[in-house]
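# Per-entry structural report
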Amino acid sequence: YLSPVAKYPGPLLAKFSSLWIVIQCRYGRRSEAVYKQHEKYGDFVRIAPNHISIANPAAVQEIYGFNSGFIKGPFYEDK
């Protein structure tokens, strides 16, 4: 409940665990399941405890723009 993403809606299980998204991936329906959550909740959907799916092209500049305050995940670290 103290997470910065706690205010975003999504499946109940996604608030507590990554299990919801893992199940969707396991059965090959991640894209469809996330799309349905966006239809239900809107542009910003919590799909794991610290993971938000964003379906709004206007958010790209706000998130990835200079001085946005957001940091890139470990995927982007130099190896």
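Predicted model, so just to flag it, every value in this text is computed and none were measured.

Conventions used here
- Residues numbered from 1 in each chain as written.
- Predicted model: local features only at pLDDT ≥ 70, side-chain atom pairs only at ≥ 80, totals over all residues.
- Heavy atoms only, no water.
- Salt bridge = Lys/Arg side-chain N within 4 Å of Asp/Glu carboxyl O.
- Helix = DSSP H or I, 4+ residues; strand = E, 2+ residues; numbered from the N terminus.
- Phe/Tyr/Trp six-rings, centres within 6.5 Å; stacked < 30°, edge-to-face > 60°.
- Buried < 20%, exposed > 50% of the residue type's maximum accessible area, 1.4 Å probe, protein only.
- Polar contact = N/O pair within 3.5 Å; in protein donor to acceptor, adjacent residues only side chain to side chain.
- Contact = heavy atoms within 4.5 Å.
- Pairing = 2+ DSSP bridges.

## So, the pattern of salt bridges
Applying the stated criterion to the full structure yields 1 salt bridge. For Lys36, the salt bridge identified is with Glu32, shortest N-O distance 3.2 Å. Of this pair, Lys36 and Glu32 both sit in helix H3 (residues 30-41), separated by 4 residues, roughly a single helical turn.

## Re the packing of aromatic side chains
Using the criterion set out here, one finds 1 aromatic pair in the structure. Consider the rings of Tyr8 and Phe44, whose centres lie 6.0 Å apart with planes at 35 degrees: the pair is tilted. A residue pair is termed long-range when its members are at least 10 positions apart, and Tyr8 in the segment before helix H1 (12-16) and Phe44 in strand E1 (residues 44-48) qualify at 36 residues. Residue classification places Phe44 among the partly exposed residues on the basis of a relative accessible area of 30%.

## A few points about the environment of Asn56
Secondary-structure assignment places Asn56 in the loop between strand E2 (51-54) and helix H4 (59-64). For Asn56, a relative accessible area of 24% corresponds to the partly exposed category. Separated by 14 residues in sequence, Asn56 and Gly42 have C-alpha atoms that sit 9.2 Å apart. Of note is the side chain of Asn56, whose polar atom sits 2.8 Å from the backbone nitrogen of Ala58.

## Examining the side chain of Gln37
The residue Gln37 is located in helix H3 in this model. Once residues lying within four places of it in the same chain are set aside, the contact partners of Gln37 are Gly10, Pro11, Trp20, Gly42 and Val45.

## As for the pairing of E1
The buried count for E1 comes to 4 of 5 residues, which makes it a mostly enclosed element. For E1 and E2, the ladder comprises 4 bridges, and the chain directions are antiparallel. Bridged to Phe44 within E2 is Ile54. Counted along the chain from E1 to the antiparallel partner E2, the turn is 2 residues long.

## With respect to the environment of Trp20
Positionally, Trp20 belongs in helix H2 (residues 19-26). Distance in space between the C-alpha atoms of Trp20 and His38 is 15 Å, their sequence separation being 18 residues. Setting aside residues no more than four positions away along its own chain, Trp20 makes contact with Pro11, Leu13, Ala14, Ala33, Val34, Gln37 and Ile47.

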